[in-house]
Amino acid sequence: MLSVLTEQNTNLSDIELIKRCRQGSKSKQSSDRAAFRLLYRRYEKRVRATLYQLCGESMLDDLVQEVFFRAWKGLPKLRQPKTFSTWLYRICWNTACDQRRAFAQLREQSKMLPKQEPFEDSADLNQMHYQALVQQGLQALSFEQRAVIVLHDLEDVPQKEVAHILDIPVGTVKSRLFHARKALREFLEQQGVVL
């Protein structure tokens, strides 16, 4: 019998939570939702940050919900629960790619580029300006370079996992990371940022 999951159960491992999700769905109990809710709370900020860096602020809440909806639906098919975080980043990547394709179709139909909303932060003006410049620099990168730099440098995902998430060789990850960092550095220097 599954125990009731509460806020005190947040120290359970991903593997245990996934196991409870699967057992709950087989026995039609509510603990599958409670276990998934804990996974959601554990990963929501990372998913949101990754999607923000990849796609910007437009439709961010919808994209986060889409990632977790896909994860919920796909959880029974997850072969190795110990790779949940890598699998979830892969879903983020796929969702971002889908969003990028949808935006490209809209741009083609309307022949207008979407406007970026201003970056909001409660930090001081200089910090806000720097963060806005970094965001502009990231947006100037190719989508593939942006994905590598966001996952590795901003989300601290190891290169081997990045390769698995993006389904590319580790050497390609290293190459894209090198070129992305170089391009971002050059962009910031052009904007007057001393590195």
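Everything below is about the structure shown above.
A few points on the structure. Just so you know, these numbers come straight off a predicted model, no measurement behind them. (Residues numbered from 1 in each chain as written. Predicted model: local features only at pLDDT ≥ 70, side-chain atom pairs only at ≥ 80, totals over all residues. Heavy atoms only, no water.)

Here the focus is the overall build of the protein chain. Looking only at helices and strands, the protein chain has eight helices and zero strands in total. Counted from the first residue to the last, the protein chain has its helices and strands arranged as α-α-α-α-α-α-α-α. Within the protein chain, buried positions represent 40% of all 195 residues. Put simply, of all contacts in the protein chain between residues at least 6 apart along the chain, 64% involve residues at least 24 apart. When the accessible surface of the protein chain is summed, it comes to about 12100 Å², and 51% of that surface belongs to carbon and sulfur atoms. (Helix = DSSP H or I, 4+ residues; strand = E, 2+ residues; numbered from the N terminus. Buried < 20%, exposed > 50% of the residue type's maximum accessible area, 1.4 Å probe, protein only. Contact = heavy atoms within 4.5 Å. Areas by Shrake-Rupley, 256 points an atom, 1.4 Å probe, with all protein chains shown as cover.)

In terms of nonpolar packing, the biggest core is built from 53 residues, with Leu 51, Phe 84 and Leu 166 touching the most fellow members. Contributions of two or more residues to this core are made by helix H1 (14-27), helix H2 (31-55), helix H3 (60-74), helix H4 (84-110), helix H5 (125-140), helix H6 (143-154), helix H7 (159-166) and helix H8 (170-190). For this core, the leading source of residues is H2, giving 10 residues. Non-local contacts of Leu 51, meaning those with residues more than four positions away in its chain, are made with Gly 56, Leu 60, Leu 63, Val 64, Val 67, Cys 92 and Ala 96. (Core = buried A, V, L, I, M, F, W, Y, C linked by side-chain atoms within 4.5 Å.)

Before going further, it helps to examine the environment of Phe 68. Mapped onto the secondary structure, Phe 68 falls in helix H3. Each C-alpha atom of the pair Phe 68 and Leu 39 lies 9.5 Å from the other, and the pair is 29 residues apart in sequence. Contact partners of Phe 68, with chain neighbours within four places excluded, come to Phe 36, Leu 39, Tyr 40, Tyr 43, Glu 44, Val 47 and Leu 88.

Here the focus is the packing of aromatic side chains. The geometry of an aromatic ring pair is captured by the separation of the ring centres together with the interplanar angle, meaning the angle of the planes. Applying the stated criterion across every chain, the model contains six aromatic pairs. Judged by centre distance (6.4 Å) and plane angle (75°), the ring pair of Phe 36 and Phe 68 falls under edge-to-face. In this pair, Phe 36 is assigned in helix H2 and Phe 68 in helix H3, connecting sequence segments 32 residues apart. The pair Phe 36 / Phe 68 is uniform in exposure class, with both members buried. Measuring from ring centre to ring centre gives 5.1 Å for Phe 36 and Trp 72, while their planes differ by 65°; the resulting arrangement is edge-to-face. Taken together, the positions of Phe 36 in helix H2 and Trp 72 in helix H3 put the pair 36 residues apart, joining distant regions of the chain. (Phe/Tyr/Trp six-rings, centres within 6.5 Å; stacked < 30°, edge-to-face > 60°.)

It is worth spelling out H8 at this point. Across its 21 residues, H8 extends 30 Å between first and last C-alpha, which sits within 8% of the 30 Å expected from 1.5 Å per residue. For H8, the set of buried residues is Val 173, Leu 177, Ala 180, Leu 184, Phe 187 and Leu 188. One side of H8 carries all its buried residues, which in axial view fall inside an arc of 100°. For H8, exposure combined with an orientation more than 90 degrees from the buried face picks out Phe 178 and Gln 190. (Expected span 1.5 Å × (residues − 1). Arc of directions from axis to C-beta.)

Relative to the assigned elements, Cys 92 resides in helix H4. Residue Cys 92 is classed as buried on the basis of its relative accessible area of 1%. Residues Cys 92 and Glu 66, 26 residues apart in the sequence, show an inter-C-alpha distance of 8.9 Å. When sequence neighbours within four positions are dropped, the list of residues in contact with Cys 92 reads Val 47, Thr 50, Leu 51 and Val 67.

Here the focus is the side chain of Glu 155. Examined against the element boundaries, Glu 155 turns out to sit in the loop between H6 and H7. One buried charge, Glu 155, has no salt-bridge partner; the nearest side chain with opposite charge is Arg 46, at 5.7 Å. Within the local environment of Glu 155, its side chain forms a polar contact with the side chain of Tyr 89, the two groups lying 3.2 Å apart. Leave out the neighbours within four places in its chain, and Glu 155 touches Arg 46, Ala 49, Thr 50, Tyr 89 and Val 150. (Lys, Arg positive; Asp, Glu negative; His and termini not counted. Salt bridge = Lys/Arg side-chain N within 4 Å of Asp/Glu carboxyl O. Polar contact = N/O pair within 3.5 Å; in protein donor to acceptor, adjacent residues only side chain to side chain.)

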